[in-house]
Each structure stands twice: as structure tokens, then as C-alpha cells.
Amino acid sequence: MRALCDTLEYEGYLTQGFTSGREAIAALREQPFDLLLTDLTMPDIDGIALLRACREIDGELACIVMTGQGTIATAVDALKTGALDYVLKPFKVNAILPVLARALATRSLQLENIQLRESVSIHELSRAITQGLEHGEVVERTLAAAGQHSYVSAVYLLVPTDDGHALRLAGKTGSGAEPLESAALLLEGSGELWVDQARKQLEAPGDSDPRVLFAHPFDARIGVALPIVAGGKFFGVLGFSSSRSQQRISPGQIKALEILARTAATAFETAALVTQLRRVNEELELRVRERTRELEIANRDLEAFSYSVSHDLREPLRAVEGFCEMFRAEFGASVPEPGRRILQRIWSGASRMTQLVNDLLHFSRFSREPLHCLRVPLREIVLQTVARLKEPLGERQPSVQVGDLPDCFGDRSLLEQVLINLLSNAFKFSAGRDAPCIEVGALRQGEDIVYYVRDNGVGFDMRYADKLFGVFQRLHPQEAFEGTGIGLSIVHRIITRHGGRVWADSRLNEGTTLYFSLPAQIEAPIAGFSGASAASTGTRKGL
């Protein structure tokens, strides 16, 4: 035996010889070996019994038997028991070396198959991460993946209780799985200390110290325990019981179990995030339903208010206007001049109030009407609107330049109202200029098309630009320019409902430019055009 060991070591093999089969079995229990080379005839135990005992300890152990010419039948029995090959005695070294090489190659393939099976189980568990499974489904997949590892007789998955002070058994699998003592699963004190130590060892660079994984404070039926930690959060403990002794669990097996625990931690973290997201979505849907109910109530109130305004409020205003007109027609000649001025102020106030009510109803209608979105030819609408606004002006008409205006996608009637309001403002505020000039055009700003209406009118102070689009907000006195101050509010409401934005740039006594943008729509491709860059528009106030 000594001579054979020395010869094999000379050929590059690391060998250990035993004169007793029982010594060999005891050594195999304590440390791993790749190959067993044994004689069939031994004093204390025969070769087949030794082979059977060693295969029970390590099912992938490569076994080769040596036999004489007269015991070939016994060698065949050894092959049936699990030996990979046999060698006839006496033999030369050149004859046994190919047999050893084949046996070790077979063992290597078997170990690769085991690693592949374990990798597939981890891959199946990793799919739970992308599928966003619930906590219970992750538990089932983790147990199934852990049960695929070699020499695992039992798997235990422990998760924290609701109060976080202890662990509970979430599931177990394996032929050797037994009920655990709940009293031994306390997480406080030694349990917390172990989790912290194990986590630091697993996260440390290089190989971790496996002794921490064996020296856990939980139930003694758990041989190896690994913490399930992801993102600094503790999700539980993955425990294993092995058919092998602690000394024979290799670093590679510990590493495989560690990878499984890390994968399970990521899956639990994903499940927790998915659960949290679903809870947030449910809360959001509840809030949306509540807000929808509130909006429906507000809309009903608005409808009632609109009805009240249109009937109950306008009726007395019409009466005031009518009686003032009748009084002037019948008794105007006999009323002194101061009285006629007072009467005129009453009539003007009633008329302005009527106009304010009509504008308010108009604003309410634009806020509630549904959108009917189609392709809108803006340039055509601008030309028609300019023609209508110029018609009553006679000879004193402003110069209006209409550039390339790409079509857009929106509600034609509402966008037509936007252009009417913007152009009416431009006509009104530039009317006092010696050479009133208005320009309508478009420019590109990133992916958006921005339309603008520019005039050389009186302008306004940009410090008050935030009031420009408010309801009934005016930046000029009533006696200088007529109107109720609701036109730009309607523009802002319509553009906002289309998903766009509107803003202004102005200088006192130099003019004003009002911009609005609309989101691009696939249904309505934007025609190409040339225009100024967005940088030439000056300071803008976003709404």
C-alpha cells in the first residue's frame, strides 16, 4: 500500500493510505476525497462493504476496486454496488493511471451536473424577482430551490414575526425536516448579534468565515444558517441540515448556499416593494375615487350656480338696464345734466355687470365642455379671424403678418376661441400706435411647437405677469381699454386642458408677445417650417 501511495504521489496525485477499511470510513466522514481505490479482500471489512459505506457518505465518490484473476465475478458485484471500474492484479502503473483519469473525469462531470442543477434552481428563484411575486410565493420558491442542493436533508425558512422580536417558521422541506421549537427562535439578544456578525462575514471581501454560519443560536436541528438580508433590511434566516458532517461541507457548498440566500433576499425585497406599491396604488385609487366624487359634487354645484347666474342674476340686471332706457326716453329732457350723468352711470354699471356675468358663464362653459380633438389648420383660422377683426376698422387698420403656422391637434372650436382672444387683445392694445403692427408665427422649442401673437402696443410691467391669466385680472385701467379681464383666463384654461402651456413676454410701451404650446400628437404630424429660435423670445414667465 505504501509503495502504491508513493508511486501515485510521484505521478502528481495527493494520496492518503489506510490499513483498515474502518479507518478509511472515519476519514471520509471528516474530510472530502475524490477517489477510493480499494482491494476487495481486507481483514476487518471486505471491499464491497467498504464501497457501500463510502457511497452512503459521498454519493459522487469515484470508486475503483482491485482484484485478482480468480475474483472477477466479485469485481462485477462491486461495479453493481457503485464502483466505476476495476483493476486486475498484479498491475503496472501505466495500466492504472488511465483508469484513475477516467474515474476522476466522471466524478468531475457528476459534480458539474450537481452545480448545474443548483444553478438552475437559483435561476428559477431569480425569476421571482422579475415576476414580482407575493411573499408566500417567494417562500415556496426559495424552499424548492434550496431543496435542490446536494446533501441537503432539510431546509427551514424562518421569517421575523410582526413585532420583530422573534422568528417564526415560514416553511420547511426535505426528508429530514422536523418541527422546530419556537422558544429557540427568539431574535433578540444573541439572535440579533449573530445576524449582525453573519451579515458582516458574508459582505466582507474574500472568503467568509463559515464558522459563524454553523455557530448560530437557533434550533439545534439547523446545521447551517444564513441571514437573508437585502438593502440593509433583514428578511429572515435560511437554515439547512446536511447528511454530511460539518467538516465535510466544502467552501464551495457554503458559497452556493450563500448565493441562494442572497437571491432569496433580493426576491423578498422585490416582493416587499411590490406589496408596498400595490398598497400605494390601492390608496391612490381610493383617493381618486374620493376626488372624483368631490369633483362630481363640485360640478353639480357649478351647474346650479350657472343656472342661478343665467336666470336669477341676469333678470334684475336686464330690468335695471330696461328701466334706465325707458326713463331716459320719456323723462330725459326734463332731467338736469347732473341727473343725466348719474343715470348714465347706473346704466353703464348695469351693462358692465351684465357683461361680467356673460363672461363668467362663457369661462365656465369652456372649462366644462368635452374636448373633440382633430387636426386643426391654425393658419386658416388666423386668416379668417384677422379678416373679421379688420372689417369694422375702416381705413385705420393695423399691419398683420401671418407666418408659417403648422397644423396642430386639438378641439377646433376651443383653439379658435384662443386665437380670437389673443388677436383681439393685440388689435386693442396696439390701436393707439401710429403704425400698429401685429405678427403671428411659430417656432420650435425642443420637441414642441410654440405659437405666438406679437404686437407693438402699450405692453405691461413683467412684475405683474403672474396676474395676467387670472379671472377678472386687469393690468390697465378700465377707462383706457374696455373689457372684463377674462379673455386671457379663457386662453389659459383652454390651452391647459389641451395639455399645453401659455406665457407672456412684454415691455412697457414696446409691445407684448403671448406664447402658447401644444403637445405633439402622432395622429397629426407637424409640417415643417422655418422660424426664429426659442432663444430670441426674451424672458418668459411659465405658468
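The structure displayed is predicted, hence computed values, not measured ones.

A. Seen up close, the packing of aromatic side chains. Applying the stated rule across the entire model yields six aromatic pairs. For the ring pair tryptophan 194 and phenylalanine 218, a centre distance of 5.3 Å and an interplane angle of 85° mean the geometry is edge-to-face. Taken together, the residues span a long stretch of sequence, with tryptophan 194 in helix H7 (residues 190–203) and phenylalanine 218 in the loop between helix H8 (211–214) and strand E6 (224–230) at a distance of 24 residues. What makes tryptophan 194 buried here is its relative accessible area of 2%. With 6.1 Å between their ring centres and 55° between their planes, tyrosine 452 and tyrosine 515 make a pair best called tilted. With tyrosine 452 in strand E12 (residues 448–455) and tyrosine 515 in strand E14 (residues 511–518), this pair connects stretches of sequence that are 63 residues apart. Through a chain of ring-to-ring contacts, the aromatic side chains of Tyr452, Trp503 and Tyr515 assemble into a single cluster. Its guanidinium or amino end placed over the ring of tryptophan 503, arginine 501 lies 3.9 Å from that ring's centre, counting from NZ or CZ.

B. Molecular detail of helix H13 (residues 487–497). Buried within H13 are the following residues: Leu488, Ser489, Ile490, Val491, Ile494 and Ile495. Positioned one or two residues after H13, glycine 499 has a phi angle of 85°, which is positive.

C. Representation of the environment of serine 334 in the model. The topology assignment puts serine 334 in the loop between helix H9 (251–331) and helix H10 (337–368). Of note is the side chain of serine 334, whose polar atom sits 3.0 Å from the backbone oxygen of phenylalanine 331.

D. Structural context of the sheet that holds strand E7 (residues 233–242). Spatial ordering of the open sheet is given by E5-E4-E7-E6, a layout of four strands whose pairing is antiparallel. What marks the edges here is a single partner per strand, and that holds for strand E5 (167–173) and E6. Across the sheet, the mean angle from the axis of one strand to that of its neighbour is 25°, orientation sign disregarded. By the bridge criterion, six bridges tie strand E4 (residues 152–160) to E5 in an arrangement that is antiparallel. Paired with proline 160 across the bridge in E5 is leucine 167. The strands that helix H6 (residues 135–146) touches are E4, E5 and E7; relative to E4, the one it contacts most, it runs at about 155°. Across the sheet, H7 touches E6 and E7, and the angle it forms with E6 is around 80°.

E. Structural detail: the pattern of salt bridges. Going through the model one piece at a time under the given rule, you end up with nine salt bridges. A salt bridge links glutamate 337 to arginine 341, with the nearest nitrogen and oxygen atoms 3.9 Å apart. Within this pair, glutamate 337 and its partner arginine 341 are both found in helix H10, separated by four residues, close to a single helical turn. Relative accessible area serves as the criterion here: at 48%, arginine 341 is assigned to the partly exposed category. For arginine 454, the salt bridge identified is with glutamate 439, shortest N-O distance 3.2 Å. Of the two residues, arginine 454 sits in strand E12 while glutamate 439 sits in strand E11 (residues 437–445), which places them 15 residues apart along the sequence. Taken together, the shared-partner salt bridges connect Glu178, Asp219 and Arg221 into one network.

F. Spatial organisation of the pairing of strand E1 (residues 35–39). Side-chain alternation along E1 places Leu36 and Thr38 on a buried face and Leu35, Leu37 and Asp39 on a face that remains uncovered. Where E1 and strand E2 (residues 62–67) come together, five bridges link them in parallel fashion. Paired with leucine 36 across the strands is cysteine 63, a residue of E2. Handedness of the E1-helix H3 (residues 47–57)-E2 crossover: right-handed.

G. Structural context of the sheet that holds E14. Overall, mixed pairing links the five strands, which are arranged E9-E11-E12-E14-E13 in an open sheet. Unpaired on one side and paired on the other, strand E9 (399–402) and strand E13 (501–507) mark the two borders of the sheet. Ignoring strand direction, the axes of neighbouring strands in this sheet form an average angle of 20°. Relative to E12, E11 is paired through eight bridges, and the arrangement is antiparallel. Note on E12: the bridge partner recorded for isoleucine 438 is aspartate 455. Sheet contacts for helix H11 (residues 378–390): E9, E11 and E12; angle to E9, the most-contacted strand, approximately 170°.

H. The environment of arginine 328, seen in detail. When you line up the elements, arginine 328 lands in helix H9. A sequence separation of 16 residues divides arginine 328 from glutamine 344, and the C-alpha atoms of the two residues are 9.0 Å apart.

I. The arrangement of the packing of H11 against helix H12 (residues 412–430) in detail. Interaxial distance between H11 and H12 falls to 10 Å at its minimum, and their mutual angle equals 45°. One finds that H11 runs oblique with respect to H12. Handedness of the crossing formed by H11 with H12: right-handed. Across from Leu378, Glu380, Ile381, Val382, Gln384, Thr385, Val386, Arg388, Leu389 and Lys390 in H11, the residues of H12 making contact are Arg412, Glu416, Leu419, Ile420, Leu423, Ser424 and Phe427. When the residues that make up the contact of H11 with H12 are grouped by side-chain class, the tally is nine nonpolar, three polar and five charged.

Rules used throughout
- Residues numbered from 1 in each chain as written.
- Predicted model: local features only at pLDDT ≥ 70, side-chain atom pairs only at ≥ 80, totals over all residues.
- Heavy atoms only, no water.
- Phe/Tyr/Trp six-rings, centres within 6.5 Å; stacked < 30°, edge-to-face > 60°.
- Helix = DSSP H or I, 4+ residues; strand = E, 2+ residues; numbered from the N terminus.
- Buried < 20%, exposed > 50% of the residue type's maximum accessible area, 1.4 Å probe, protein only.
- Lys NZ or Arg CZ within 6 Å of the ring centre and 35° of its normal.
- Polar contact = N/O pair within 3.5 Å; in protein donor to acceptor, adjacent residues only side chain to side chain.
- Pairing = 2+ DSSP bridges.
- Axes fitted to C-alpha atoms, helices over the stretch in contact; angles between N-to-C directions.
- Contact = heavy atoms within 4.5 Å.
- Salt bridge = Lys/Arg side-chain N within 4 Å of Asp/Glu carboxyl O.
- Right-handed = clockwise from strand over helix to strand, strands pointing away.
- Parallel < 35°, antiparallel > 145°, perpendicular 65-115°, else oblique.
- Left-handed = near helix turned anticlockwise from the far one by under 90°.
- Nonpolar A, V, L, I, M, F, W, Y, C, P; charged D, E, K, R; others polar.

Fair warning: the whole summary comes from geometry, so function is off the table for now.
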